[in-house]
Amino acid sequence: MAELYSVRMRAAQGGPHENGGHHISGAERIVKLEDVGAIAQTLAKRALHHSKGTADFINITVDLISPEKITYIDCLKVEEHKTSSISESHQLGTELLQGPTISEVAVYKAISLLQGLDKSMRGAMLVDAITGERLDTGDRGVRVSHMDSFDSYALGDNEHMREALVLASKVQSADGIVGELCWSDDPDYTVGYVACNGVYHRIPNMKELGSDIGGRVFFVRSDIDCESVVEYLEKAPVLVQR
Ligand code: WAQ
Ligand code: MG
Ligand code: MG
Ligand code: MG
């Protein structure tokens with residue numbers, strides 16, 4: 001099999017993220033050597049033409065992935081839902097997530113954590129699935145990385161959805177993660193989702209149109225060692241298959 005490279009872009013405004021710059025965009029792919037240049041260019045363009053503003057810092061990282069380290073996982077099943085208000089959407093998300101492994105209280109707390117953000121994080125919060133207690137520290141969050149899908153186009157032509165489906169599939173494949181709640185930080189994109197039990201539930205009206213605050217919460221089983229979950233989410237190369 002041809003050698004594969006992880007190509008990752010992160011962009012900010014007001015300097016690099018680590019110097020307090022405001023996160024604009026992040027995206028990544030896993031591609032063959034001959035596609036690295038074109039993908040790097042596409043990712044740079046995207047950072048320079050984003051609805052959240054123009055980036056003044058763009059970092060593109062490329063590294064080789066050993067084929068034997070790649071984990072192949074199945075894509076989550078997609079279910080579409082209809083709602084007519086934000087409160088109805090949050091109520092539906094809560095009903096879909098809550099059950100024996102995720103408590104209703106934990107979902108309420110997760111929604112308040114996202115609604116309480118005064119700026120978007122780069123990564124996701126980790127929340128105890130039963131108590132709703134926040135487990136990650138600092139304000140960066142856990143950044144899921146090193147994932148892609150080889151038959152990306154089978155996942156549809158909506159880029160937000162395609163990327164979210166790949167990310168959510170990797171997240172749910174982590175041992176110890178039992179659910180996810182997400183809405184975008186892109187001001188023009190109000191569709192969000194909850195993922196649990198192998199299903200990606202697309203829900204409209206998850207936030208106010210025009211808001212540039214979004215985020216993700218990963219619900220974690222209480223008995224799990226967070227460090228190994230984070231290691232898998234950040235570093236393990238994963239390809240999602242349909
Ligand atoms: N790892 C962890 N968290 C992330 C990552 C990542 N790689 N990328 C983004 N986030 C967090 C971060 O807090 C962002 O502010 C927030 O999620 C939203 O990111 O089916 O586009 O990339 O149409 O703006 C849902 C698609 C789209 C629904 C979600 O998120 C659909 C989206 P965005
Ligand atoms: Mg994104
Ligand atoms: Mg899991
Ligand atoms: Mg975004």
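Here we summarise the structure given alongside this text. (Residues numbered from 1 in each chain as written. Chains lettered and ligands numbered in written order. Predicted model: local features only at pLDDT ≥ 70, side-chain atom pairs only at ≥ 80, totals over all residues. Heavy atoms only, no water.)

**What about helix 5 (residues 226–235)?**
Here's step 1: When helix 5 is considered as a whole, its buried residues turn out to be Val229, Val230, Tyr232 and Leu233. On an axial view of helix 5, the arc spanned by its buried residues comes to 160 degrees, and they lie on one face.
Here's step 2: Buried-residue contacts for helix 5 involve strand 4 (71–74), strand 6 (125–128), helix 4 (159–173), strand 8 (177–183), strand 11 (215–220) and strand 12 (238–241).
Here's step 3: The backbone nitrogen of Glu227 has a side-chain oxygen 3.1 Å away, supplied by the residue at the start of helix 5, namely Asp225. (Buried < 20%, exposed > 50% of the residue type's maximum accessible area, 1.4 Å probe, protein only. Helix = DSSP H or I, 4+ residues; strand = E, 2+ residues; numbered from the N terminus. Arc of directions from axis to C-beta. Contact = heavy atoms within 4.5 Å. Polar contact = N/O pair within 3.5 Å; in protein donor to acceptor, adjacent residues only side chain to side chain.)

**Here we look at the sheet that holds strand 10 (residues 199–203)**
Here's step 1: In space, the 6 strands of this open sheet follow the order 5-10-9-8-11-6, with mixed pairing throughout. Unpaired on one side and paired on the other, strand 5 (77–80) and strand 6 mark the two borders of the sheet. Strand-to-strand twist across the sheet, computed as the mean angle between neighbouring axes with direction ignored, equals 20 degrees.
Here's step 2: Pairing analysis gives 4 bridges linking strand 8 to strand 9 (residues 192–196), with the strands arranged antiparallel. Note that in strand 9 the partner of Glu180 across the bridge is Ala195.
Here's step 3: The strands that helix 2 (residues 86–97) touches are strand 8, strand 9, strand 10 and strand 11; relative to strand 9, the one it contacts most, it runs at about 10 degrees.
Here's step 4: Along the sheet face, helix 3 (residues 104–115) touches strand 6, strand 8 and strand 11 and points at about 155 degrees away from the line of strand 11. (Pairing = 2+ DSSP bridges. Axes fitted to C-alpha atoms, helices over the stretch in contact; angles between N-to-C directions.)

**A look at the sheet that holds strand 2 (residues 22–32)**
Working definition: the strands of a sheet are paired by backbone hydrogen bonds and lie parallel or antiparallel to each other.
Here's step 1: Pairing is antiparallel across the open sheet formed by 3 strands, whose spatial order is 2-1-3. The open sheet has two free edges, formed respectively by strand 2 and strand 3 (57–65), since each of these has just one partner strand. Taken over all neighbouring pairs, the strand axes of this sheet differ in orientation by 15 degrees on average, direction set aside.
Here's step 2: Pairing geometry for strand 1 (residues 4–13) and strand 3, over 9 bridges, is antiparallel. Residue pairing for strand 3: Leu4 is matched across the bridge by Ile65.
Here's step 3: In the packing of helix 1 (residues 36–48) onto the sheet, contacts are made with strand 1, strand 2 and strand 3, and the angle to strand 2 comes to roughly 165 degrees.

**Observations regarding the packing of helix 2 against helix 3**
Here's step 1: Where helix 2 meets helix 3, the axes come as close as 9 Å, and the angle between the chain directions of the two elements is 140 degrees. As summarised for this structure, helix 2 and helix 3 are arranged oblique, according to the angle between their axes. As helix 2 runs across helix 3, the sense of the crossing is right-handed. Contact with helix 2, carried on its side by His90, Gln91, Thr94 and Leu97, involves Glu104, Val107, Tyr108, Ile111 and Gln115 of helix 3 and no other residues of that element. (Parallel < 35°, antiparallel > 145°, perpendicular 65-115°, else oblique. Left-handed = near helix turned anticlockwise from the far one by under 90°.)

**Comments concerning unusual backbone geometry**
Here's step 1: Within the chain, His146 stands out as a residue other than glycine whose phi angle is a positive 65 degrees.
Here's step 2: In this structure His146 comes out as buried when scored by relative accessible area, which is 13%.

**Observations concerning the site of ligand 1**
Here's step 1: Not every one of the 25 residues close to ligand 1 is listed here, only the nearest: Val144, Asp185, Tyr189, Tyr200 and Arg202.
Here's step 2: The separation between an oxygen atom of ligand 1 and a polar main-chain atom of Met121 is 2.9 Å.
Here's step 3: Within the backbone of Val144, one N or O atom sits 2.8 Å away from a nitrogen atom of ligand 1.
Here's step 4: The protein chains hide 93% of the 700 Å² of surface that ligand 1 would expose on its own.
Here's step 5: Sorting elements by how many residues they give to the shell around ligand 1 places helix 4 first, with 4 residues. (Near = heavy atom within 4 Å. Areas by Shrake-Rupley, 256 points an atom, 1.4 Å probe, with all protein chains shown as cover.)

As far as function goes, none of this settles anything; it's purely spatial.
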